[in-house]
Amino acid sequence: MAIDLKAVEQLATDQSSLKAAAGLAKPAKWSGVGGSHDGALIWGECAGSGANPYRVMADLRDLGNKCTCPSRKFPCKHVLGLLWLNAEAIVPFTPADTPAWVSDWLGRRRGTSAAKPASSAPSDGEKDLRAARADEPEIAEDPRDVARREAQAARRNEETERAILDALDALEQWIGDQLRMGLSGFIDDATARCRRIAARLVDGKAAVLAGRIDELPSRLLALPAGDRPRGAVVELGKLVLLARAFRTAPRDSEIRRAVATSETREAVLADPAALRIDADWEVLAERVQTRRDGLVSQTTWLLNLTATGPRFAMLLDFFPASAGRRGSVFTPGESFHGELVFYPSTRPLRALLVRRDGAQDRPPQEWPSPDETLSDALTRPLLAEPWAIDVPLLLPQGRIARDAAGHTWWRSVDGITTLPVAADVSGILCGTNLTRSAAIWSGNRLAILAAQTPWGRIGGHD
């Protein structure tokens, strides 16, 4: 089954969508491209601005389509790009079994009005394929304009740095005030007090740090009441360390990422010094959280099953809550071969997915053994990044059980190490012999992501 570019042109809502689709119709933008055996369905994953690629699928019988991106245009530029790839045979759509995420979409759209003919798609002005294909002419810039723009950028950077430093001064004064007035009052009124200083940090262009402080009350309230004073001291101490680290090295990209803003996806991909790891990965878990600032954070934890590179990787995406729930790219428990690029860091963890190979039939792989002692795994990350909130761990053999007071603990099989576990653990995870466990250590509680047992893998909420 084949389509032509005329169908793509008719389906596009406007010329800008058609132009954007022409830019996406390049093999380097796509991974996991395939088609059904009868040629009716096509799919692929397209790199976007976030850590995870967008999943794109289309039914060539009626040009019904779906993409996991948050665009309000229908069809979006990714769908048009996928159809463009197919129309011009830019990449091979190798026949394969339909992925589960395509089957799910196909099952939901049967019997609906999704099978809308292409000619009925809304149109906004004239559309022209030749104009969409045309490269924008390069305009030679006046060197004086370039110098003026660079000077303006340097001045803006200095003003931003000054604003951040002023905001950090206000933060340290605020922390001192909380300690002088007493931790009990701070814990009781944490939401309002954190909200006020977070607003001051936003004004001071320290938006990432503001988001962290906005979430501080929820992290404190998740602790047992008796642990909250200690948790407050630890959290406030980490904020002081981060503020002083920024003053010492305001241009350090890793510290700036924790305070103000992150590099763009394009900047990380273009950085020749960025660490790239081509390996087998297992999806441990995915966490979706609605934040107080109206954004939804989508965190995917991956485990490196091979011997090279960082043991864990974290894919982090943000999108507006008003855009609705975004479809997940991964399923916990699935494994794949792919390439990740890590944000530059002394302890690489946050990454972007560059390429994911197509699904392969292969048995589940055993998790590797921990490559350092548990004591080192708990303490070494704090030497490199003492303000870190989450530290991923690969735990040795152990079990989870509750004490007489109802508190949950993880205990190593040799009985040497015992760590408190977040209270939401239930089900078969409790009392089971855990051969390996992947967990997040927050400094006072373990959150189990997934575990391997003698009879198979279980998730943190099983």
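Keep in mind that this is a model prediction, so the values were computed, not measured.

Enquirer: How would you summarise the environment of L295 if you had to cite specific residues and measurements?
Expert: Note on placement: L295 falls in strand 6 (residues 295–304). The class for L295 is partly exposed, based on a relative accessible area of 30%. Along the chain, L295 and A321 lie 26 residues apart, while their C-alpha atoms are 5.3 Å from each other. Once residues lying within four places of it in the same chain are set aside, the contact partners of L295 are Q289, T290, F319, P320 and A321.

Enquirer: Describe the pattern of salt bridges, naming the residues involved and giving the relevant values.
Expert: Per the stated rule, a full pass over the model turns up 26 salt bridges. The closest approach of N and O atoms between D166 and R162, which form a salt bridge, is 3.1 Å. Remark: R162 and D166 occur in helix 6 (residues 143–181); sequence separation between them is four residues, near one turn of the helix. Residue R247 is joined to E172 by a salt bridge in which the shortest nitrogen-to-oxygen separation is 2.5 Å. Remark: E172 occurs in helix 6 and R247 occurs in helix 11 (residues 228–248); sequence separation between them is 75 residues.

Enquirer: Residues and numbers for unusual backbone geometry, please.
Expert: In the segment running from F74 into P75, the intervening peptide bond is cis, with an omega of -5 degrees. Along the chain, P75 falls in the loop between strand 4 (64–67) and helix 3 (77–87). Positioned with a positive phi, L63 is a non-glycine residue whose angle comes to about 60 degrees. Position of L63 relative to the elements: it lies in the loop between strand 3 (54–59) and strand 4. Exposure remark for L63: the relative accessible area of 12% places this residue in the buried category. If you check the backbone angles, A89 has positive phi at about 50 degrees while not being a glycine. Examined against the element boundaries, A89 turns out to sit in the loop between helix 3 and helix 4 (100–109).

Enquirer: So what's going on with the packing of aromatic side chains? Which residues, and what values?
Expert: Counting across every chain of the model gives two aromatic pairs. Ring plane angle 75 degrees and centroid distance 5.9 Å describe the contact between W174 and F186, whose orientation is recorded as edge-to-face. Placement of W174 in helix 6 and of F186 in helix 7 (residues 183–188) is noted, with a sequence separation of 12 residues between them. Assessed through its relative accessible area of 0%, F186 is described here as buried. Taking the centre distance of 5.5 Å and the plane angle of 25 degrees together, the rings of F330 and F336 count as stacked. By the burial criterion, F330 is buried, and F336 matches it. Directly above the ring of Y343 sits R350, whose terminal nitrogen or CZ lies 4.5 Å from the centroid. Taking NZ or CZ as reference, R356 lies 5.4 Å from the ring centre of F336, over its face.

Enquirer: Now, about the packing of helix 8 (residues 190–203) against helix 9 (residues 207–214): what can you tell me, with residues and values included?
Expert: Close contact between helix 8 and helix 9 brings their axes to 8 Å; oriented N to C, the two are set at 175 degrees. Relative to helix 9, the element helix 8 is oriented roughly antiparallel. Here helix 8 contributes C194, R195, I197, A198, L201 and V202 to the contact with helix 9, which in turn contributes A207, L209, A210, I213 and D214. For the contact of helix 8 with helix 9, a count of residues per class yields nine nonpolar, no polar and two charged.

Enquirer: Please give an account of the sheet that holds strand 13 (residues 418–420) that cites residues and values.
Expert: Across the sheet, which stays open at both edges, the three strands sit in the order 11-12-13 with antiparallel pairing between neighbours. Strand pairing shows two members of the sheet lacking a second neighbour, strand 11 (398–402) and strand 13, which therefore form its edges. Sheet twist, expressed as the mean angle between neighbouring strand axes with direction ignored, is 25 degrees. Across three bridges, the pairing between strand 12 (residues 408–412) and strand 13 is antiparallel. Along strand 13, the bridge assignment pairs W409 with P420.

Enquirer: Account for the packing of helix 6 against helix 11, with residues named and values stated.
Expert: Packing of helix 6 against helix 11 leaves a shortest axis separation of 10 Å and a crossing angle of 155 degrees. By the angle between their directions, the pair helix 6 and helix 11 is classed as roughly antiparallel. Our pair here, helix 6 against helix 11, has a crossing hand that is left-handed. Where helix 6 approaches helix 11, its residues I164, L165, L168, D169, E172, W174, I175 and L179 are matched on the opposing element by L236, L239, V240, A243, R244, F246 and R247. A breakdown of the residues in the contact of helix 6 with helix 11 according to their chemical character gives 11 nonpolar, no polar and four charged.

Enquirer: Lay out the pairing of strand 4 in plain terms, naming residues and giving numbers.
Expert: Both strand 3 and strand 4 contribute to a ladder of four bridges, which runs antiparallel. Each residue of the ladder has a partner; that of A58, found in strand 4, is N65. Here strand 3 hands over to strand 4 after four residues, with L63 in that stretch at a positive phi of 60 degrees.

Enquirer: Can you explain the sheet that holds strand 10 (residues 391–395)? Please cite residues and give values.
Expert: Here we have four strands laid out as an open sheet, ordered 10-14-15-16, and antiparallel in their pairing. Since the sheet does not close on itself, it has two edges, and those belong to strand 10 and strand 16 (456–459), each with one partner. Neighbour-to-neighbour, the strand axes of this sheet turn through a mean angle of 15 degrees, independent of strand direction. As defined by bridge partners, strand 14 (residues 436–441) adjoins strand 15 (residues 446–453) across six bridges and the pair is classed as antiparallel. Bridged to R436 within strand 15 is Q452. On top of the sheet, helix 14 (residues 374–384) reaches strand 10 and strand 14; it is set at about 175 degrees to strand 10, its chief contact.

Enquirer: Can you tell me about the confidence of the model for the chain, naming the residues and giving the values?
Expert: Across the chain, pLDDT averages 86, with 92% of residues at or above 70. Residue range residues 117–122 is modelled with pLDDT below 50. Its contacts to residues more than four positions away, or to other chains, number seven contacts.

Enquirer: I'd like a rundown of the nonpolar core, residues and numbers included.
Expert: Ranked by size, the top nonpolar core spans 33 residues in total, and within it L171, W174, F186, L201, L209 and I213 carry the most contacts. Contributions of two or more residues to this core are made by helix 6, helix 7, helix 8, helix 9, helix 10 (216–221), helix 11 and helix 12 (253–259). Per-element tally for this core: the top contributor is helix 11, with eight residues. Beyond its immediate chain neighbours, meaning those up to four positions away, L201 contacts A167, L171, A206, A207, L209, A210 and I213. In terms of nonpolar packing, the next biggest core, distinct from the first, is built from 32 residues, A7, A58, L80 and F93 among them.

Reading the values: the criteria
- Residues numbered from 1 in each chain as written.
- Predicted model: local features only at pLDDT ≥ 70, side-chain atom pairs only at ≥ 80, totals over all residues.
- Heavy atoms only, no water.
- Helix = DSSP H or I, 4+ residues; strand = E, 2+ residues; numbered from the N terminus.
- Buried < 20%, exposed > 50% of the residue type's maximum accessible area, 1.4 Å probe, protein only.
- Contact = heavy atoms within 4.5 Å.
- Salt bridge = Lys/Arg side-chain N within 4 Å of Asp/Glu carboxyl O.
- Phe/Tyr/Trp six-rings, centres within 6.5 Å; stacked < 30°, edge-to-face > 60°.
- Lys NZ or Arg CZ within 6 Å of the ring centre and 35° of its normal.
- Axes fitted to C-alpha atoms, helices over the stretch in contact; angles between N-to-C directions.
- Parallel < 35°, antiparallel > 145°, perpendicular 65-115°, else oblique.
- Nonpolar A, V, L, I, M, F, W, Y, C, P; charged D, E, K, R; others polar.
- Pairing = 2+ DSSP bridges.
- Left-handed = near helix turned anticlockwise from the far one by under 90°.
- pLDDT = per-residue confidence, 0-100.
- Core = buried A, V, L, I, M, F, W, Y, C linked by side-chain atoms within 4.5 Å.

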